[in-house]
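# A look at the structure
For reference, the chains in residue letters:
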Amino acid sequence: MSSIVVRVKQKQIAQLIAKGKRLDGRGLTDYREIKVEQGVIERAEGSARVLLGMTEVMTGIKIEIGQPYPDTPNEGVLTVNAELVPLASPTFEPGPPDENSIELARVVDRGIRESKAIDLERLCVEPGKKVFIVFVDVYVLNHDGNLIDASALAAIAALLNTKMFKYEIEEGEVKIKPGYTPLPIRKRPIAVTFAKINDKLVVDPWLEEEQIMDARLTMTIDDDGNICAVQKGGSGYFTPKQVLEAAKIAKEKAEEIRKKLKW
Amino acid sequence: MSSIVVRVKQKQIAQLIAKGKRLDGRGLTDYREIKVEQGVIERAEGSARVLLGMTEVMTGIKIEIGQPYPDTPNEGVLTVNAELVPLASPTFEPGPPDENSIELARVVDRGIRESKAIDLERLCVEPGKKVFIVFVDVYVLNHDGNLIDASALAAIAALLNTKMFKYEIEEGEVKIKPGYTPLPIRKRPIAVTFAKINDKLVVDPWLEEEQIMDARLTMTIDDDGNICAVQKGGSGYFTPKQVLEAAKIAKEKAEEIRKKLKW
Amino acid sequence: MSSIVVRVKQKQIAQLIAKGKRLDGRGLTDYREIKVEQGVIERAEGSARVLLGMTEVMTGIKIEIGQPYPDTPNEGVLTVNAELVPLASPTFEPGPPDENSIELARVVDRGIRESKAIDLERLCVEPGKKVFIVFVDVYVLNHDGNLIDASALAAIAALLNTKMFKYEIEEGEVKIKPGYTPLPIRKRPIAVTFAKINDKLVVDPWLEEEQIMDARLTMTIDDDGNICAVQKGGSGYFTPKQVLEAAKIAKEKAEEIRKKLKW
Amino acid sequence: MSQKLEKLIDKKGLRLDGRKPDELRPIKIEVGALSNADGSAYIQQGKNKILAAVYGPKELHPKHLALPDRMVLRCRYHMAPFSVQERKSPAPSRREIELSKVIRESLEPSIFIEYYPRTSIDLFIEVLQADGGTRCASITAASLALADAGIPMRDLVAACAAGKVDGTIVLDLMDTEDKVGTADVPVALMPNLNAITLLQMDGILTLEEFEKAVNLALEGCRKIYTMQKEALKAKYIAVKEVEE
Amino acid sequence: MSQKLEKLIDKKGLRLDGRKPDELRPIKIEVGALSNADGSAYIQQGKNKILAAVYGPKELHPKHLALPDRMVLRCRYHMAPFSVQERKSPAPSRREIELSKVIRESLEPSIFIEYYPRTSIDLFIEVLQADGGTRCASITAASLALADAGIPMRDLVAACAAGKVDGTIVLDLMDTEDKVGTADVPVALMPNLNAITLLQMDGILTLEEFEKAVNLALEGCRKIYTMQKEALKAKYIAVKEVEE
Amino acid sequence: MSQKLEKLIDKKGLRLDGRKPDELRPIKIEVGALSNADGSAYIQQGKNKILAAVYGPKELHPKHLALPDRMVLRCRYHMAPFSVQERKSPAPSRREIELSKVIRESLEPSIFIEYYPRTSIDLFIEVLQADGGTRCASITAASLALADAGIPMRDLVAACAAGKVDGTIVLDLMDTEDKVGTADVPVALMPNLNAITLLQMDGILTLEEFEKAVNLALEGCRKIYTMQKEALKAKYIAVKEVEE
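Sequence positions are assigned chain by chain, starting from 1 and proceeding in written order. Naming scheme: in the order in which they are written, chains are lettered from A and ligands are numbered from 1. Predicted model: local features are reported for residues with pLDDT of at least 70 only, side-chain atom pairs are reported and counted for 80 or more only, and whole-chain, interface and lining totals are derived from all residues. Excluded from the side-chain calculations are hydrogens and water; all other atoms, namely the structure's heavy atoms, are used.

### Things to note about the interface of chain A and chain E
Each partner contributes to the interface: chain A provides 39 residues, whereas chain E provides 31 residues. Each of two parts loses accessible area, computed with a 1.4 Å probe, when they are put together; buried area is these two losses added. Counting the surface lost from both chain A and chain E, the interface buries some 3100 Å², and carbon and sulfur atoms represent 57% of this. Salt-bridge detection follows one rule: a side-chain nitrogen of Lys or Arg within 4 Å of a carboxyl oxygen of Asp or Glu. Our count for the contact surface shared by chain A and chain E stands at four salt bridges. Here R104 of chain E and E99 of chain A are joined by a salt bridge, their closest N and O atoms 3.0 Å apart. Here a polar contact means two N or O atoms within 3.5 Å. Within protein one must be a hydrogen donor candidate and the other an acceptor candidate, and residues neighboring in sequence count only if both atoms are side-chain atoms. Where chain A touches chain E, the interface holds 16 residue pairs in polar contact (both at pLDDT 80 or more). Helix and strand assignments come from DSSP, with helices taken as H or I runs of at least 4 residues and strands as E runs of at least 2, each series counted from the N terminus. Within the residue set of the side of chain A that touches chain E, elements represented by two or more residues are β4 (77-84), α2 (99-114), β11 (215-221), β12 (227-233) and α5 (240-258) of chain A. For the side of chain A that touches chain E, the leading source of residues is α2 of chain A, giving eight residues. Note that β12 of chain A and strand β9 (residues 195-205) of chain E share four bridges and pair antiparallel. Its bridge partner lying in β9 of chain E, V230 of chain A is registered against M201 of chain E. Only heavy atoms matter for contacts: two residues are in contact if any of them lie within 4.5 Å across the pair. Two strands pair under a simple rule: DSSP has to find at least two bridges between them.

### Examining the arrangement of the chains
You won't find any contact between chain A and chain C; their C-alpha atoms come no closer than 13 Å. Across all C-alpha pairs, the smallest distance from chain C to chain D is 19 Å, and the two are not in contact.

### Structural notes on the confidence of the model for chain D
Note on scores: pLDDT gives the predictor's confidence for each residue, bounded by 0 and 100. In this model, chain D carries a mean pLDDT of 93, and residues with pLDDT of at least 70 account for 95%. Scored as a complex, the prediction yields pTM 0.95 and ipTM 0.95.

### Examining helix α2 (residues 134-148) of chain E
Under the convention used throughout, the expected extent of a helix is 1.5 Å for every residue step, that is, one less than its residue count. Taking 1.5 Å per residue as the helical rise, α2 of chain E with its 15 residues ought to reach 21 Å, and the 21 Å between its terminal C-alpha atoms agrees with that figure. Counted residue by residue, α2 of chain E has 15 buried out of 15 residues, so it is predominantly covered. Exposure classes here rest on a 1.4 Å probe applied to the protein chains alone. A residue is buried below 20% of its type maximum, exposed above 50%, and partly exposed in between.

### Side note on the environment of E219 of chain E
Within the secondary structure layout, E219 of chain E lies in helix α4 (residues 207-243). Given a relative accessible area of 39%, E219 of chain E falls into the partly exposed group.

### Section: the sheet that holds strand β9 (residues 190-197) of chain C
An order of β10(C)-β9(C)-β11(C)-β12(C)-β9(F)-β8(F)-β6(F)-β7(F) is seen for the eight strands of this open sheet, with the pairing classed as antiparallel. With partners counted over all chains shown, the strands left at the sheet margins are β10 (200-203) of chain C together with β7 (168-171) of chain F, one partner each. Taken over all neighbouring pairs, the strand axes of this sheet differ in orientation by 20° on average, direction set aside. What counts as an axis is a line fitted to C-alpha atoms, over the stretch in contact for a helix, and the angles between N-to-C directions run from 0 to 180 degrees. Most of the contacts of helix α3 (residues 147-160) of chain C go to β9 of chain C, to which it runs at about 175°, and overall it touches β9 and β11 (215-221) of chain C. Against the sheet, helix α1 (residues 94-107) of chain F contacts β11 and β12 (227-233) of chain C together with β8 (183-190) and β9 (195-205) of chain F, and its axis sits at roughly 140° relative to β9 of chain F.

### Things to note about the pairing of strand β7 (residues 163-170) of chain C
In this structure, β7 of chain C lies alongside strand β8 (residues 173-182) of chain C, joined through eight bridges in antiparallel fashion. Bridge pairing links M164 of chain C to T181 of chain C in β8 of chain C.

### As for the state of the cysteines
Should the sulfur atoms of two cysteines be covalently bonded, the bond is a disulfide. Count a disulfide wherever a pair of cysteine sulfur atoms falls within 2.5 Å. The tally for this structure, following the rule as stated, stands at zero disulfides over all chains. Lacking any disulfide linkage, C221 of chain E is separated from the closest cysteine sulfur, that of C160 of chain E, by 5.7 Å.

### Things to note about the interface of chain B and chain D
Across the contact, 39 residues belong to chain B and 32 residues belong to chain D. Around 3100 Å² of area is buried between chain B and chain D when both sides are counted, 57% of it from carbon and sulfur atoms. Of all residues in chain B, E99, E114 and K232 of chain B give up the largest surface area on contact with chain D, accounting jointly for 18% of the area buried on that side. Joining chain B to chain D, the criterion identifies 16 residue pairs in polar contact (both at pLDDT 80 or more). Of all the elements in the fold, those that place two or more residues in the side of chain B that touches chain D are β4 (77-84), α2 (99-114), β11 (215-221), β12 (227-233) and α5 (240-258) of chain B. Among the elements that line the side of chain B that touches chain D, the one with the most residues is α2 of chain B, at eight residues. When the residues that make up the side of chain B that touches chain D are grouped by side-chain class, the tally is 16 nonpolar, eleven polar and twelve charged. Gly falls in the polar group here, along with every residue not listed as nonpolar (Ala, Val, Leu, Ile, Met, Phe, Trp, Tyr, Cys, Pro) or charged (Asp, Glu, Lys, Arg).

Laid out in structure tokens, this is it:
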């Protein structure tokens, strides 16, 4: 598209939002269609694929045995990594994670960690020495906006789908036994992201809305309706009133989205 | 040389080859003069220097004690690394290995590994815990074409020259004893590389031939005349007939070259 | 400043030095005002801040338990790192250490190591297995010339200020006990740096002198007046006579500067 | 290739998954799987699940890398951390770097690279699940992604491996056969031109076995070529239906 | 945030360091602490010791990163190896990279970035000692460094966290409270515009607690804003005195 | 330098390899050892085996690094993984980066760098086997490689170390003496100009010992200078003979 057409379209998007409407017909607090498919990669201990409109995110879970952190010797380790895979967008470059993929991984991580979604104490094999390490690899396959919500949803969907191998300890060595147990999951945190455009809040911005938004705000909500993570992004600002309004909407939206998950 | 002179020369090389001749007087399946000098670096456990015409490659072997791979607890570890040292060519840059040096190392590695040239089981010190690691460092010192054959030859020549320190195990610790034993070598894989120019195959291309070749094909042959590694390179293609023809020539050439090695 | 003004000023600096004078009024062998503040970072095991005129360097010491080098199983480990922090100068870039910061760290390291300033044998916890690692992190906060002398001084000042935690060994594990002991320091090496400008030696060059100097020479002197490290830098040269003259001046200057240190 | 004693071919001559020696695994191909890329394709071959996407032709940055008489094809073959048994670090391994090179060189002969001087095409391949033979399946998908992007091509490139397992030459090795077998020979072919654009081998084969393996792999390539053309047709028909 | 059972608030409602729940730690600010930078500031907040320096506006290299209609703000938040209990490697951690981004985005709304097209400003923050709340103290100092460099600004940005500790909403968490407490909500504010430019949270809060925490943090920001203005004034008076 | 009690000098005052204190190790120099480089030299000094190669003068990329009034000399000193007792990782170590810098600065004073503005010369040094004193032997070889490349020079640079071993000042320390001795003083000299272009020291020396060591090293440099000139002559004669 020529840049003039782009600018006309952007203006149109912004003007519609000022009137409470969106170019794709959604209301300001409507999500795009959400599809969650759990268990798509047999080779992974857990996996899920999420479609949020045309945004597509796959998440795979791998579990290994490793050392606990010195300050939590009785707990397993959670590691979240996000890859903005270059096939997902012309703006993604191959190479080590940039600030955008690091922020994405850390926001997803915070939601899982702070809601205590995984019972990490049940992942301890030998206190101070051996624990399970849960690798959550978020893989963005197509970028059409709102990567945070799609990634957080794919991550918890994959965790709910995760099976761990059984083991016993023989002479200090971990022996794998036949059979699996599910990963001990206690909560299902859901991220809800807002874009501020023309001083209005819209939920689940798609790519063209993100390109003109002033700022971004993500609220992650646990099963009890508590807030467990917040992240503001972008070069604009929010008023205190907007922040509190967003928290209320996020609570409602999270409850809706959580129903998409099989447990 | 001006680029016009270069192009005239390249045309001449290609036209000669079409007639079954080469600019340096060789026949299409002739190698340049090959010199192999084994034991050139006293400080290394093994070493060799190979001259293939003006192409010069040095290879040094270092042996250390380390951990086996989890899936081969009873075997030593072979590690091949290749450095396109910047003093060897104006086109080599300092820095971490690029795709060319990685391909070179992996083709040399494959020949040694797949022919089972080293008896890796005899490099096991303590199953699952301690084994010998054999580092093969290929060092290209002057690049005048056909680095694969020169490097593969320098690698096996250096391995044949390698002496390992003797040891005994005392209370779980490896103690070095006086004296040396040779590295247990069983096979001498030889790489034979072809360039396709003007739809003809030529053996052992020198630099100016490589610059105009359509594609490259390497066949690595063990002492029994079996093929143990193949690698096609370059942006062109081969017909199935050319591939089978190359395999036959490679078998003959490998036998000739193998005679250059002291064992 | 425009580049013409800069060049006029540089010429003036050079001409003054030829007459035995300096633009800031100092004599050729005078240091700028030196301020040493020890114990500025409570969270570090030791720390110091040095002002050499407007040049400002902070050094922090951290102590960890780790493995000794295989060839010195009974000695603690000294590690010196220098960061040319980008807020210190428009010419410093973020990123991994460049050749300037590596040279700086290694010259500081050499003075401490060669003078045997730290009694490393007293930092051995369990021979061959566990020793104390002393991290000396030199942090340049404002660059106005002569970083070597300021950094070396901040490093030894911080080491003199360093307290180590007490420990006892219980069943092969190190247990930390209440209380601290000082780090065992035996010597206080002092670096004295000369710039050669207009064939004269000047001591403690500031930034504008460094920009026009032909070459740089650092002599590090221990408490007994011995030389323990020398480093020539820059694209010029020294005559043998200048080198010996510098050694004599360095011995005197080091004694003066050493008085600034609290022990 | 390590030679452990497992029975990979049963008394009836069938393989672990019931295939005959010269039989391909089930293959599913979808052209145009991704909306942002200029061209894309998805392939399932056995348990392999692979996406390929093409961006370009476009201006090349930095400009001094551009070539005055041809386009530059860049290729990244990459495995997802969860695609294999033990988690793979996302940083490119030496294996991935080598495969990126040989895959690129297997596709270059098929493109009219002289049509777009000073430009570049970026080809990205993501292995979401690996089950042996990923490089061949990647080439098969990548060639379709190039076609889907409208890049002018001499022919499609179809790829398939053959190898030796329990003394038998077999087609299209799956993961276990690849790891326990005696030899693996991946091949890529432009069928219309009878041009081999990828050829590698590891293992041990006599000259006769090698010839047999290459010929079997070429047969496999030709079968896959038919499926490639069907997948392309399927997309065009689908597009046409949408447009009407 | 892990919930270990330590008593962070005593019977009188006072915190470990004797502060009331809504009380800030002692703060010392110095504008213009470094001679080479175009603008700089130093802050002590509790045991936090942080330097911020600004270089620019200046031409941006490489040029293709420059923007035709605005300036580019670049920001590096970095911790000294000796600033924390266990030595931190000097290579930037993922946490430092995220904080560099959110700090930059908390300051951008305050700058008239359209005044200097095609240029860049480099903002460098060095945490010399860390004691909880370093991102907020960094923003407070960095905003002053920008002002000290003469960058045209809509307002200063003041930052402060609130959080939940032992069931109580408290202001300006120190290290132990941050580590052992239930929630931490760092906030940055342009007080004149009532504009929140940084907002993060980790922990668990009900909506009501969250509202309370945000409001308490905003109060803290406003108090710090007053100190920022005093620190700026102090430098200008000092400069004036030197000039007279 | 660690002070272990080994006898490095015997009763007759001879060293482990039979040398007198002021004696150089056997030295073999070959100019023009490599065909691709614009200039090159190979040196054996004791068991040191070192190659130096020069490419240039040539245009400098990226261009913004070029200098309007002088050439840029770039230097990489690098050790082969097999050159030392324990395998060395091929990635440049901090020691190699420092030595690259001091070697470059020892050669710059010898080159008329103002003759070729906006260009660069690349100097590559590869230590194939190391036996103590590699930086000096590298400088000796590198200076010849520069001369072989036809770079206009004020003088050759010859380098040699002196040191203290078992209480005696000795010339040209080999590996064991370097590791066990008390001090090492590498020096580089342009003999015609009496100009010291490299000077380092580690160990412990009194001022008097230091003076003695520097003077002994300078003597060594002058002897090596003679060998350098012979090696250059040998090449020119050989070339002449070939041409005739």
